[in-house]
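Given next are the chains, with one letter for each unit.
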Amino acid sequence: MSGAQAVRRARWRGNVGLIIAALVLGIIVLMAVAAPLIAPYDPYEQILDDRMLPPAFVDAERASPTHLLGTDNLGRDYLSRLIYGARISLLIGFFTMLVSGVIGTVLGVAAGFFGGRTDMVVSFLVTTRLSLPVVMVALAVVAVLGGSLQVVVLVLGLLLWDRFAVVMRSATMQVRGRDYVTAARAIGCSVPRILWSEVLPNVVSGLVVIASYEMAQAILLEAALSFLGLGVQPPLPSWGLMVSEAKEFMLFEPWMIMLPGAAICVLVLAINLLGDGIRDLTAPEGRR
Amino acid sequence: MLGFALRRLALALAVGLAVSAIAFLLLRVSGDLAATLAGEEATAAEIERIRGLYGLDRPVIVQYGEWLLRSLRGDLGRSLFYPESVAKLILDRLPNTATLATLGLAVALLLSIPLGVVAALFRNTWIDRLALAMAVLGQAMPSFWFALLLIFFFGITLGWLPVSGTDGLANFVLPALALGWFSTPVLMRLTRAGMVEVLAADYIRTAHAKGLPVRTVLVKHALRNAVAPVVALASVQFGNMLSGSVVIETVFALQGIGYLAWESISRRDFPVVQGILLVVALFYVVLTLVADLLNAWLDPRIRSS
């Protein structure tokens, strides 16, 4: 076994967080994909006789044996809504990250590679974007265009690309002067080809970490928008919307806000830890 | 320095124009202004008359120029809901947001700097890991949910603090805690990283070798140098907080500009939304301009880049 292998193995061993995070995230994704198979009830079905039943661990006497995590104020099964809610969070998180990742990477790589006037334009775009308050603009746009999943993804994607651009710009600037780029230029490769096959593969490792961070941000923002009533619309079981609907019953049924909030927390935590773990794994010097 | 300052100023001007154009367009795409002004029962002819009366039939660029000049003079138009002008609405609520932001920043610094220093001093021990775990958990919590937990625990269960409204300073305690909490993780990590780097520096070893008391070395030599990037980031965070935290202010019904923004968006009072967006964005532009110029003045290395 070589030294490098030993280091790699030690890093894996020290990275329990990464493994747990990957497991948790895997379970949530599986739940979301297989929601119709797992969920005990239809998440939209209102059983008006069974309204606001608490879970057994909150109040064993009032709890129903069939509604494991209770029901909401319209008698909808809470566990089923939580399971379907994972779909919304994951879909919005993933596609927002994709949209913002493409915009940010294109701008960042262009700015870093070409420099000069291109760099100035990109830095103007980044500064403009940073001057806009994200939540306020997102709320306003959703209010104008309506709160569908597509609109939320588009708005958040157009607002969250700045970090991608900044990081990709500096990564590209470091790569730009390397010998392999000069060599590719010398043998007459076209610029798109150099960007695609010399620059991009060498800056892509930084992408994973920002991607995980931005996905987590998008999930938190979607929850906040839905909580404020200008994100995903009822009766969709968005976790943020569930907290908002449960807010007025907080005094007597606090578990109703605890569960969806905790679900968001666990998902975001898993994504963040996964990103951190990958960063520690790939960073040459490891964690300081 | 002059060259850098001029370039930075030009950027700020361009960005200011861009955000003002976005604010202007937001109101335009929100619906037909003439129809809104005319009211629901207006006939098509009346709407057209109003369109001519307010000059809404002229080219968009002319309207934008006029609107920008008026805005710069402090006339941000009228609310569709309140009798007051948009400028007055914003000015009335600005002090509450400023109080909240100041308290929020204080909470964030009081939490993050000691935690970051302790984490750096006990690097890679359980103390460090605990601080890191808190930071990671803090970043994962949705802000509105954390705010609701504060309300539930301190407001309802313990009954210590008011949970809604803007009657006195006590109303600001929980919102400030919630707001500060979310700036804490990133500031703490930065403090820790700065301290770790500084503590390894030669001049710290020299200070220790001279026999200076540990406290003097830590506070006067180490922290003072480690904290510079923290101050820079904290000022950006403060700028964001001053922009009004829509989420936190709304959860606590605190009458700041963030809550005003949410209310106005919810009832489609877009002239107010436009005004807030313009003020907040321009404020951010000016703040970052000043911060960058100040940094360049303090650190000549920045000017050349």
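Here is what the cut-offs are and how they apply
- In every chain, residue numbers begin from 1 and rise along the written sequence.
- Chains carry letters from A onward and ligands carry numbers from 1 onward, assigned in written order.
- Totals for whole chains, interfaces and linings use all residues, but because this is a predicted model, local features are given only for residues with pLDDT of at least 70 and pairs of side-chain atoms are given and counted only at 80 or more.
- Secondary structure is summarised from DSSP: a helix means a run of H or I of at least four residues, a strand means a run of E of at least two, and numbering begins at the N terminus for each.
- With the radius of gyration taken over C-alpha atoms, the globule rule is written as 2.2 Å times the number of residues to the power 0.38.
- Residue burial is a threshold on neighbouring C-beta atoms within 10 Å of the residue's own C-beta, all placed from the backbone, with 20 or more meaning buried, 12 or fewer meaning exposed, and counts in between meaning partly exposed.
- Here, residues touch in the contact sense if the C-beta positions derived from the backbone fall within 7 Å of one another.
- Known as pLDDT, the predictor's per-residue confidence is scaled from 0 to 100.
- The axes used here are C-alpha line fits, helices contributing only the stretch in contact, and every angle between their N-to-C directions lies in the interval 0 to 180 degrees.
- In this scheme, a crossing is called left-handed if the near helix is turned counterclockwise away from the far one by less than a right angle; it is called right-handed if the turn is clockwise.
- Under the grouping applied here, Gly and all other residues not named as nonpolar or charged are polar, the nonpolar ones being Ala, Val, Leu, Ile, Met, Phe, Trp, Tyr, Cys and Pro and the charged ones Asp, Glu, Lys and Arg.
- What a helix is expected to span follows from its residue count: subtract one and scale by 1.5 Å.
- Bend angle per residue: angle between axes fitted to the 7 residues ending at that residue and the 7 residues starting there.
- Buried Ala, Val, Leu, Ile, Met, Phe, Trp, Tyr and Cys residues form a nonpolar core when they are connected through C-beta atoms within 7 Å.

**Comments concerning the overall build of chain B**
Here comes step 1: Across its full length, chain B holds 15 helices and zero strands.
Here comes step 2: At 24 Å, chain B has a C-alpha radius of gyration far larger than the 19 Å of a compact globule built from 305 residues.
Here comes step 3: Overall, the C-alpha framework of chain B stretches about 85 × 60 × 30 Å when taken along its three principal axes.
Here comes step 4: Burial status across chain B gives 38% buried among its 305 residues.
Here comes step 5: Counting contacts in chain B only where the partners sit at least 6 residues apart, residues at least 24 apart contribute 70% of the total.

**Considering the overall build of chain A**
Here comes step 1: Each helix and strand in chain A was counted, giving twelve helices and zero strands.
Here comes step 2: Its helices and strands taken in sequence order, chain A reads α-α-α-α-α-α-α-α-α-α-α-α from the N to the C terminus.
Here comes step 3: Considered along the principal axes of its C-alpha atoms, chain A spans approximately 75 × 55 × 30 Å.
Here comes step 4: A separation threshold of at least 6 residues defines the contact pool for chain A, and within that pool the share at least 24 residues apart is 71%.

**Concerning the interface of chain B and chain A**
Here comes step 1: Contacts between chain B and chain A engage 37 residues on the former and 34 residues on the latter.
Here comes step 2: Within the residue set of the side of chain B that touches chain A, elements represented by two or more residues are helix H1 (2-29), helix H6 (126-140), helix H7 (143-157), helix H12 (246-251), helix H13 (257-266) and helix H14 (270-298) of chain B.
Here comes step 3: Of all the elements, H1(B) adds the most residues to the side of chain B that touches chain A, at eight residues.

**Let's talk about the confidence of the model for chain B**
Here comes step 1: Looking at chain B, the pLDDT average stands at 86 and 99% of residues meet or exceed 70.
Here comes step 2: At the level of individual helices and strands, chain B shows its lowest average pLDDT in helix H15 (residues 300-304) of chain B, which scores 70, and its highest in H13(B), which scores 93.

**Focus: the packing of helix H5 (residues 86-121) of chain B against helix H8 (residues 170-199) of chain B**
Residues and elements named next belong to chain B.
Here comes step 1: It is at 5 Å that the axes of H5 and H8 come closest, and there the two elements cross at 35°. As H5 runs across H8, the sense of the crossing is right-handed.
Here comes step 2: Residue composition of the contact of H5 with H8, by class: 21 nonpolar, eight polar and one charged.

**Concerning unusual backbone geometry**
Here comes step 1: For the peptide bond that leads from Pro234(A) to Pro235(A), omega is 10°, which places it in the cis range.
Here comes step 2: Among the structural elements, Pro235(A) can be located in the loop between helix H10 (191-227) and helix H11 (239-246).
Here comes step 3: A positive phi angle, close to 65°, is found at Asn124(B), a residue other than glycine.
Here comes step 4: With respect to the helices and strands, Asn124(B) occurs in the loop between H5 and H6.
Here comes step 5: A count of 11 C-beta atoms within 10 Å places Asn124(B) in the exposed class.
Here comes step 6: The phi torsion at Ala253(B) lies on the positive side, around 50°, for a residue other than glycine.
Here comes step 7: As for its placement among the helices and strands, Ala253(B) is situated in the loop between H12 and H13.
Here comes step 8: For Ala253(B), a count of 14 C-beta atoms within 10 Å translates into the label partly exposed.

**Quick notes on the packing of H10(A) against H11(A)**
Residues and elements named next belong to chain A.
Here comes step 1: Interaxial distance between H10 and H11 falls to 7 Å at its minimum, and their mutual angle equals 35°. Two packed elements cross with a definite hand, and for H10 against H11 that hand is right-handed. Contacts between H10 and H11 involve Glu222, Ala223, Ala224, Ser226 and Phe227 from the former and Trp239, Gly240, Leu241, Val243 and Ser244 from the latter.
Here comes step 2: Its residues assigned to classes, the contact of H10 with H11 shows six nonpolar, three polar and one charged.

**A closer look at the environment of Val109(A)**
All names here are of chain A.
Here comes step 1: Mapped onto the elements of the fold, Val109 is located in helix H4 (residues 78-114).
Here comes step 2: Taking the number of C-beta atoms within 10 Å as the measure of exposure, Val109 has 25 and is therefore buried.
Here comes step 3: Taking the C-alpha atoms as reference, Val109 lies 7.5 Å from Ala165; in sequence the two are 56 residues apart.
Here comes step 4: Apart from residues lying up to four places away in sequence, Val109 is in contact with Met168, Thr172, Leu195, Val199, Leu200 and Val203.

**A look at H10(A)**
Residue and element names in this part refer to chain A.
Here comes step 1: When the terminal C-alpha atoms of H10 are compared, their 46 Å separation across 37 residues is substantially less than the 54 Å that a helix rising 1.5 Å per residue should span.
Here comes step 2: By the largest-angle criterion, Leu200 marks the main kink of H10, which is about 55°, and a proline, Pro201, follows within four residues.
Here comes step 3: Just past H10, the residue Gly229 takes up positive phi, approximately 90°.

**Concerning the nonpolar core**
Here comes step 1: In this structure, Ala138(A), Leu139(A), Ile219(A), Ala224(A), Ala147(B) and Ile276(B) are the most contacted members of the largest nonpolar core, which totals 152 residues.
Here comes step 2: Take this core: its biggest share by element is 15 residues, from H10(A).
Here comes step 3: With near-sequence residues (within four places) excluded, Ile219(A) lies in contact with Ser89(A), Ile92(A), Gly93(A), Ile264(A), Leu267(A) and Val268(A).

**What about the environment of Glu41(B)?**
Here comes step 1: Summarising the element assignment, Glu41(B) is placed in the loop between helix H2 (33-38) and helix H3 (44-53).
Here comes step 2: As for Glu41(B) and Ser183(B), which are separated by 142 residues in sequence, their C-alpha atoms are 49 Å apart.

**Here we look at the environment of Ala34(B)**
Residues and elements named next belong to chain B.
Here comes step 1: When you line up the elements, Ala34 lands in helix H2.
Here comes step 2: When the C-alpha atoms of Ala34 and Gly55 are compared, they prove to be 9.7 Å apart, with 21 residues separating the residues in sequence.
Here comes step 3: Ala34 has contacts with Ile47, Ile50, Arg51, Tyr54 and Leu56, leaving out every residue within four places of it along the chain.

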